Amino acid sequence: MEVIISALGLLFQAEVLLAMLGASIFGLAVGAIPGLTASMAVSMLVPLTFFMSPLVAISMIVAVSAMAITSGDIPAALIRIPGTPASAAYVEDSYQMTLQGKAGLVLGTSLVTSAIGGIFGTLCLIFFAPALAEFALNFSAFEFFWLCLLGLSCAILVSSGPVLKGVLSVLIGLLLALVGLDPVAGQSRFTFGSTDMLGGLGLVPVLVGMFALPELIRFAINPLPRLIDNVTANTKHVFKGLFKALWPHRVGIMQGNVVGTAIGALPGAGSDVAAYVSYAISKKFSKTPERFGKGHLEGVAAAGAANNSSVGGSWIPSMVFGIPGDSLSAIVIGVLLMKGLTPGPTIFTKQPELTTAILLSFILANLMLLPLGWLAIKSSARLLTLHRGLLMPLIMMVCMVGAFAITNSVFAIVVMLLAGLLGFWMEENDIPTSPAILAFVLGPMVESNFLNGMLIARGDFAQFFARPIAATLGVLICMIWLVPLGVMLYRKYRAASRS
Amino acid sequence: MRFNNTLIGLMTALLGLYVFVTGYRMPGLAHLQFGPGFFPCLIGIGLMGTGVGLVIERWLSGAPKGIWFEIDSRLRSSQAQTGVLLMLGGIVFYIMVSEEAGFLLTGAVVLWGNLWWFWRRPLAAIFVSLLTVVLIQISFGSLMKVPLPMGWLEPIQGVFSWK
């Protein structure tokens, strides 16, 4: 109790609240503009957080991610273009409801279910994370190595496109993470004699480059000034009659909460996957599956809850094991490390007040979602008709200064530019970028845990399976890779024997 | 620019070979069984395997041969080329000139160039670009103590609020 009171004292400081408010408005605006993702919003914010206290920095990121994911529903409902990938699962239903004159209802549903989902995910984080952390205190290099590998494996398997391209993305991320001094012996690698590269490529330039620059390049190729000229949908009544409309879908919302948190907690999977899975489950068990995709509230409510609850869920592996749940929490881990905080089981015992304050900031951000989200819906017409020719150059300038701010060197801008070109090339060739970012963050952890494990085991790889949890994780990863392969081969064999 | 999977595979395998050889040549340490080159070697092997896998996958898929890469058709228009050149060229220009000329001047020029092209309001773009760089200088430079280069404006540094 004492810890909670101290944490509340830390959280309810003017500095933290103002930062959260500013970050929330920024997140809502970015999320509502199609093409600008939550990851991009967070990566643009990271350079600013460098100069702030850990709590202010993390609470801003929490606020931005919750707001951006939720406000991605606004363009999805109004103009049939999801603001962020997390809103793509139910875009058809949302838009059809708008065409039926129910834009206020569908946006109100998104807002309220997102807040419920966000709070549910946070409560799971608050209750499960410390218990898991206690359990994780017994982990050694072997377990952490397998956990890192589990995260990378999931990132590959849930990414869009062919598996081999997901593998390539992870290897590119690991390769980029090799640049600089190696974590065990401290010898320089792949620096080409440059002293700028000794410290590595830096998380922020790579992040900003890979998430923001491809979008800027796409805009430069096809500079549509506005996605639409005006918004005619009626968003007058956002909360009116909402309780009555949502009550029949309470089980679906609960399903979305649980599925979203569970998928978020799975290393590698993010809010977009959570929304798709929850929407699919909702349709599967619905009494009226034929109404899905034609303006039905059931899927919107479930998936809307899922995408925001996954944010809280994704923080469970990040906080407990230091292994990111998705690209957003990968950024958070980078920020925590920059602030001198090492995510992992000891974070709960070494800094309980700060950790509790961070967890409480999730609840506060989700409560702030209701009034601020309402304001965003009301000003959606202005946001959606904003001239992109004005917006994109400003984003470019902020990205350059943001990258520079981390090392005070133009080398960071060079890295940002190259990472951006690489990210653009990858996306153009159906190679997902999120696994690369995850691998870039996890790279040093994978390597140091693997090498430490090999040193402890005196080069005997079988020792990675010698401890019960390590063995379970190792077998699980083998199954993740081998079972789908086996099923595929079996199906091919069956098909061949039939023909 | 879209490459076909055979080309991506070959490039990946070559990159893998380079990473493997570089890792293999890294000097080991006497007291460590696994030196700094061990992990790069593993990544190199992974890249080579993935590259070969991509080539085989495309070969097995029976996709039409001959087209190694194609440039986005939208990039063939001079408008798109100018846009990309201005955006990426602006960043390169900033990298090369900002330390000498300073953030305020270089940033304003780069921003104005892009606003002029994409926003199509050259006069308003002057105002927006000047206002933006000054605001960035105040927020990043003065409040967050990021040493944005002053360059040619160094003699008047401190006259305004961005000291």
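If you're wondering where the values come from, they're calculated on a predicted model, not measured in any experiment.

Reading guide: rules and limits
Residues numbered from 1 in each chain as written. Chains lettered and ligands numbered in written order. Predicted model: local features only at pLDDT ≥ 70, side-chain atom pairs only at ≥ 80, totals over all residues. Heavy atoms only, no water. Domains from an automatic or database assignment. Patch = residues over 30% accessible without salt bridge, like charges linked within 9 Å, V, L, I, M, F, W, Y side chains within 5 Å. Areas by Shrake-Rupley, 256 points an atom, 1.4 Å probe, with all protein chains shown as cover. Salt bridge = Lys/Arg side-chain N within 4 Å of Asp/Glu carboxyl O. Helix = DSSP H or I, 4+ residues; strand = E, 2+ residues; numbered from the N terminus. Contact = heavy atoms within 4.5 Å. Polar contact = N/O pair within 3.5 Å; in protein donor to acceptor, adjacent residues only side chain to side chain. Axes fitted to C-alpha atoms, helices over the stretch in contact; angles between N-to-C directions. Left-handed = near helix turned anticlockwise from the far one by under 90°. Nonpolar A, V, L, I, M, F, W, Y, C, P; charged D, E, K, R; others polar. Buried < 20%, exposed > 50% of the residue type's maximum accessible area, 1.4 Å probe, protein only.

## Describing the domain arrangement of chain B
Once the domains are mapped, chain B shows domain 1 (2-70) and domain 2 (76-160). Here the C-alpha centre of domain 2 of chain B lies 40 Å away from the C-alpha centre of domain 1 of chain B.

## Details of a nonpolar patch on the surface
Residues and elements named next belong to chain A. A cluster of nonpolar residues, Leu 157, Val 163, Trp 481, Leu 482, Leu 485, Met 488 and Leu 489, forms a patch on the protein surface that exposes about 620 Å² of accessible area. With 5 residues, helix α22 (residues 468-498) is the single largest residue contributor to the nonpolar patch. Tracing the backbone through its elements, the reader meets Trp 481 in helix α22.

## Some thoughts on the interface of chain B and chain A
Residue-level contacts link 60 residues of chain B with 57 residues of chain A. Across the chain B-chain A interface, the total number found is 1 salt bridge. A salt bridge links Asp 430 of chain A to Arg 2 of chain B; its shortest N-O distance comes to 3.1 Å. Linking chain B with chain A are 5 residue pairs in polar contact (both at pLDDT 80 or more). Put simply, the parts of the chain that give the side of chain B that touches chain A at least two residues each are β1 (2-3), α1 (5-25), α2 (38-61), α3 (78-101), α4 (103-119) and α5 (122-143) of chain B.

## Considerations on the packing of helix α2 (residues 14-32) of chain A against helix α3 (residues 38-49) of chain A
Residue and element names in this part refer to chain A. Following both chains from N to C, one finds α2 and α3 inclined at 145°, their axes separated by 9 Å at the closest point. In the packing of α2 onto α3, the handedness of the crossing is right-handed. The segment α2 lies against α3, with Ala 23, Phe 26 and Val 30 engaging Ala 41, Met 44 and Leu 45. A class-by-class count of the residues in the contact of α2 with α3 yields 6 nonpolar, no polar and no charged.

## Describing the pattern of salt bridges
All names here are of chain A. Taken as a whole and judged by the stated rule, the model has 5 salt bridges over all chains. Between Arg 218 and Glu 427 there is a salt bridge, with its nearest N and O atoms 2.8 Å apart. Of the two residues, Arg 218 sits in helix α10 (residues 203-221) while Glu 427 sits in helix α20 (residues 411-428), which places them 209 residues apart along the sequence. Judged by its relative accessible area of 26%, Arg 218 is partly exposed. Under the relative-accessibility criterion, Glu 427 is labelled partly exposed at 29%. It is possible to trace a salt-bridge network through shared partners that takes in Glu 215, Arg 218 and Glu 427.

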